[in-house]
Amino acid sequence: PGPGRGKREELWTWDICTIATEADIPGTVVIDEESLRSENYLSRGDFSFEIGARTNGRHILFFEFKILDENLEVVQEFKTEVSPEESLRLRKSKNKTIRGSFEKLQPGEKYCIQVRVINAVGPSFWAEPGPFARMPPDVPQVPAPLNSELTSLAFIEVKWKPTVESGAEIEKYQIRMALRAEPLEEEWIVIDEDDLKKNTKIQGEGTKLTSKDKGSYAYRIHGLEDGSMYYFTIRAANCIGWSGWSEVSRFMTKNSKPSKLEELTASCTARELTLSWTPPESNGVEFLRFDLIGGPNRSLVRWCQFASALLDHTEDVDKLFGYAIKEDAEPDAANCSSSFGELYCEECMYAPVVAPKQSFALSNLLPGQDYYFMARAVGTSGKGEFSQVLGPVCTDSEEPKDVEPMELNELGIFSCSAKLWLPYDFGAPISEIHAVLRRLHGPLSPDELDEKGEVHAHIAGKEQRAAPETMIFESVVADQTGPVTVGVTPALRRCFAAEQMQEDLPRRMQRTSTLKSCTGQSYKVTFEDLKPGTEYEIRWCCQNAMGRSPFSGPLVLKTNPNHPDQPFAVAVDSL
């Protein structure tokens, strides 16, 4: 109906209003210290503040909060929604106080709170941070499980890092011990509190300490039995009370184990090897078995020796070799030795030899190969230290074995050439290549036959004998971009060196060495003064200091044809 008309109570809808803006800056937030509580390692509490004098024409939609630590760094942000009814109350009521609560803060730390008001126009400026309030302390957090790096026949040294205090200084620790896993509550043995306090050492600065050890605590539990497993747990106390018990840790005292095995010897042939040893001092325990570790890879055997020494006081050293000895490993057998007779081997043999046996035989080995071994004694109460690594034990050499047939390189009218690859030398460098060419069939002239009608020997066949180094044709080049071949054995490296190639080349080749074609370096044989259009075969063998290989299969070829020979002079029979 227009201005000034209508019902009186509705006239205000026609009044002129100024433009709404953000709400006024609220007052500072005050934390109610009497409401503060800490439990389960977290603190909570209540706070209050007053909104500004005016909401400036719009309903309040939210309050946004920031909780700040002592460095005024934001540790938590949250907001609360304001209902239309509450917003209207705040606009009309003289009571502008707002109350709220917070949670999940750290016990013992100081915090303050900032707030701002958000209406439909936007947020107000942040209020100044309120006064700091310290959260009440809580019981310490549950300590991490105990650790141990030192044991003896009669004591175990346990170590731990100080746990989180939760706002109050740690006053004491408590350690308890059990003799079996999952004990009943009454079976736990609590370490004497006074002895624990007196003999606990703080790990300070020192050249023998790693950074992770500094500031940790160490305590030794004495009077234990050798070769026994013990279970430990720890808790901490402050002025509020005790933390929960840590997870259970288990440690074993050292055994009265056999001494280090010192006398390990080996004898071998080309394909077999026998290890013998003298048992060490038993130190009063019964021998159960002797553990043998070996293989053609010295680094792998040395790693087994080093790792077993580090893990010697644990109960799981047997798993280092991939076997639970009592269940999986066959006694008096070389487990994991199937590739010992090959040019590539990534395996390390484990053989548990049942006492009182003092020797062990290995077969199916590679002639000319290096092998390395170590041994230890195992008694009823523990494992002795491994012997020094024995080796290299090199198997005897043999003559070369089967060779691949030659491949044709060039073929002409009166000559041909073929290339070949040397086999594995079986421990003795190959000193001679012997190639034989034999005529099969083809055209012959009368003067190429002897008085008996047989082909002259120099036409029927030819042969060549030469040292390999005089016949090198194509060398192998290392592939520096491809993957590195693993498992290269000493025998394979020596074979490359014997052919005047780099010993490290087997790790950088695109091909795999075999017994019939070892290095991949090719050698060329050439035959001259052949007959045109004639079929020949070529076979070859090689020789080392131990003997000669069998001849290869034949390479059959036929020389290229040529024009006929010049005819004889014409004879006139009659005129």
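Residues numbered from 1 in each chain as written. Predicted model: local features only at pLDDT ≥ 70, side-chain atom pairs only at ≥ 80, totals over all residues. Heavy atoms only, no water.

Novice: Help me out: how do you make sense of the overall build of the chain in this one?
Specialist: Across its full length, the chain carries 5 helices and 32 strands. In terms of overall size, the chain is more extended than a compact globule, its C-alpha atoms giving a radius of gyration of 46 Å where 575 residues would be expected to give roughly 25 Å. Along the longest, intermediate and shortest principal axes, the C-alpha atoms of the chain span 165 × 95 × 40 Å. Split into buried and exposed, the 575 residues of the chain put 42% on the buried side. Taking as baseline every contact in the chain between residues at least 6 positions apart, the subset at least 24 positions apart corresponds to 70%. (Helix = DSSP H or I, 4+ residues; strand = E, 2+ residues; numbered from the N terminus. Rg over C-alpha atoms; globule rule 2.2 N^0.38 Å. Buried < 20%, exposed > 50% of the residue type's maximum accessible area, 1.4 Å probe, protein only. Contact = heavy atoms within 4.5 Å.)

Novice: Explain the pattern of salt bridges to me, please; I cannot follow it from the model alone.
Specialist: Side chains that carry opposite charge are capable of pairing whenever their charged atoms lie near each other. Using the criterion set out here, one finds 21 salt bridges in the structure. Two residues, R116 and E64, come together in a salt bridge whose shortest N-O distance is 2.8 Å. Of this pair, R116 sits in strand β6 (residues 110–119) while E64 sits in strand β3 (residues 60–68); the two residues are 52 residues apart in sequence, bridging distant segments of the chain. Where R220 meets E157, a salt bridge forms, and the shortest distance between an N and an O atom there is 3.1 Å. Taken as a pair, R220 in strand β13 (residues 217–221) and E157 in strand β9 (residues 156–160) lie far apart in primary sequence, 63 residues in all. The class for R220 is partly exposed, based on a relative accessible area of 35%. Its relative accessible area of 16% is what places E157 among the buried residues. The network of salt bridges with common partners includes R271, E398, E399 and K401. (Salt bridge = Lys/Arg side-chain N within 4 Å of Asp/Glu carboxyl O.)

Novice: Would you take a moment to explain the sheet that holds strand β24 (residues 407–411) for this structure?
Specialist: Pairing is antiparallel in the open sheet, where 4 strands are placed in the order β24-β25-β29-β28. The sheet terminates laterally at β24 and β28 (472–474), the two strands that pair on one side only. With direction set aside, neighbouring strand axes in the sheet form an average angle of 40 degrees. (Pairing = 2+ DSSP bridges. Axes fitted to C-alpha atoms, helices over the stretch in contact; angles between N-to-C directions.)

Novice: What is the right way to read the layout of surface pockets from this model?
Specialist: Here the idea is plain: a probe the size of a water molecule rolls over the atoms and shows the empty space left. Space inside the second largest pocket adds up to approximately 460 Å³. Lining the second largest pocket are 18 residues, and of these L444, S445, E448, P564 and D565 lie nearest its centre. Per-class residue counts for the lining of the second largest pocket are 9 nonpolar, 5 polar and 4 charged. (1 Å grid on protein atoms, 1.4 Å probe; cavity = no way out; pocket = protein on both sides within 12 Å on 5 of 7 lines; lining within 4 Å. Points joined across faces, edges and corners; volume = space filled by probe spheres on them. Nonpolar A, V, L, I, M, F, W, Y, C, P; charged D, E, K, R; others polar.)

Novice: Mind showing me how you'd approach the side chain of R235 here?
Specialist: Examined against the element boundaries, R235 turns out to sit in strand β14 (residues 229–237). For the buried R235, no salt bridge exists, and the shortest N-O distance to an oppositely charged side chain is 7.6 Å, to E185. One polar contact links R235 to Q174, side chain to side chain, over a distance of 2.9 Å. Once residues lying within four places of it in the same chain are set aside, the contact partners of R235 are P143, K172, Y173, Q174, W242, S243, G244 and W245. (Lys, Arg positive; Asp, Glu negative; His and termini not counted. Polar contact = N/O pair within 3.5 Å; in protein donor to acceptor, adjacent residues only side chain to side chain.)

Novice: What am I meant to see in unusual backbone geometry here?
Specialist: Backbone phi values are negative for most residues with the exception of glycine, while trans is the configuration of most peptide bonds. The omega torsion of the bond from A355 to P356 falls at 10 degrees, within 30 degrees of zero and hence cis. Residue placement: P356 occurs in the loop between β19 (349–354) and β20 (359–362). Note that the residue after G391, namely P392, is joined by a cis bond; omega there is 5 degrees. Within the fold, P392 resides in strand β23 (residues 390–394).

Novice: Looking at this model, I keep getting lost on the side chain of S552. Mind explaining?
Specialist: Along the chain, S552 turns up in the loop between β31 (547–548) and β32 (555–558). Leave out the neighbours within four places in its chain, and S552 touches V403, E404, P405, R539 and W540.

Novice: Teacher, can you tell me more about the nonpolar core here?
Specialist: One recurring pattern in soluble globular proteins: nonpolar side chains tend to sit buried together. In this structure, W277, L292, M349, F360, F373 and Y424 are the most contacted members of the largest nonpolar core, which totals 34 residues. Among the elements of the structure, β17 (273–278), β18 (287–295), β19, β20, β21 (370–379) and α5 (490–498) are those that each provide at least two residues to this core. Look past the residues within four positions of F360 in its chain and what remains in contact with it is L273, T274, L275, W277, L292, D332, A333, A334, M349, A351 and V353. By size, the runner-up hydrophobic cluster in this structure holds 23 residues, among which are V29, F47, I60 and I67. (Core = buried A, V, L, I, M, F, W, Y, C linked by side-chain atoms within 4.5 Å.)

Novice: Looking at this model, I keep getting lost on the packing of aromatic side chains. Mind explaining?
Specialist: Here the distance between the centres and the angle between the planes together describe a pair of aromatic rings. All chains considered together, the criterion is met by 14 aromatic pairs. Aromatic pair F47 and F102: ring centres 6.5 Å apart, planes at 15 degrees, arrangement stacked. Highlighted residues: F47 in strand β2 (residues 42–50) and F102 in strand β5 (residues 97–105), separated in sequence by 55 residues. Comparing F47 with F102 shows no difference in burial state: the two are buried. Put simply, the rings of F47, F49, F63, F65, F78 and F102 touch in pairs and so form one group of aromatic residues. (Phe/Tyr/Trp six-rings, centres within 6.5 Å; stacked < 30°, edge-to-face > 60°.)

Novice: So what exactly am I meant to see when it comes to the pairing of strand β16 (residues 263–268) here?
Specialist: Walk down a regular strand and you will see the side chains alternate between the two sheet faces. Summarising the sheet, β16 and β17 pair through 6 bridges and their orientation is antiparallel. When the sheet's bridge partners are listed, E263 is paired in β17 with T278. Counted between consecutive antiparallel strands, the loop separating β16 from β17 contains 4 residues.

Novice: Which parts of the structure should I look at to understand the confidence of the model for the chain?
Specialist: The predicted coordinates should not be examined in detail at positions where pLDDT is low. Taken over all residues, the pLDDT of the chain has a mean of 87, while the share at 70 or more is 91%. The least confident element of the chain is strand β22 (residues 382–383), whose mean pLDDT is 78; the most confident is strand β30 (residues 535–544), at 96. (pLDDT = per-residue confidence, 0-100.)

Novice: Before we go on, may I ask you to explain α5 in this structure?
Specialist: Every α-helix carries 3.6 residues per turn, so stepping three or four residues along brings you back to the same face. All of the buried residues along α5 are P490, A491, L492, C495 and F496. Where α5 is buried, its residues meet β21.

Novice: Mind showing me how you'd approach the environment of G100 here?
Specialist: As for its position among the elements, G100 is in strand β5. Residue G100 is classed as partly exposed on the basis of its relative accessible area, which comes to 21%. Among residues more than four places away in sequence, those in contact with G100 are G45, D46 and F47.

Novice: Is there a simple way to explain the sheet that holds strand β1 (residues 30–39) in this structure?
Specialist: For sheets, the rule is that strands pair by backbone hydrogen bonds, running either parallel or antiparallel. Here 3 strands make up an open sheet; going across it, the order is β1-β2-β5 and the pairing antiparallel. Strand pairing shows two members of the sheet lacking a second neighbour, β1 and β5, which therefore form its edges. Each neighbouring strand pair of the sheet contributes to a mean axis angle of 15 degrees, computed without reference to strand direction. Summarising the sheet, β1 and β2 pair through 6 bridges and their orientation is antiparallel.

Novice: I would appreciate a short explanation of the environment of A120 in the present structure.
Specialist: Relative to the elements of secondary structure, A120 occurs in the loop between β6 and β7 (133–134). Taking relative accessible area as the criterion, A120 reaches 52% and is therefore assigned exposed. Through-space distance from the C-alpha of A120 to that of V285 is 87 Å; in sequence the pair is 165 residues apart. Look past the residues within four positions of A120 in its chain and what remains in contact with it is R58, H59 and L61.

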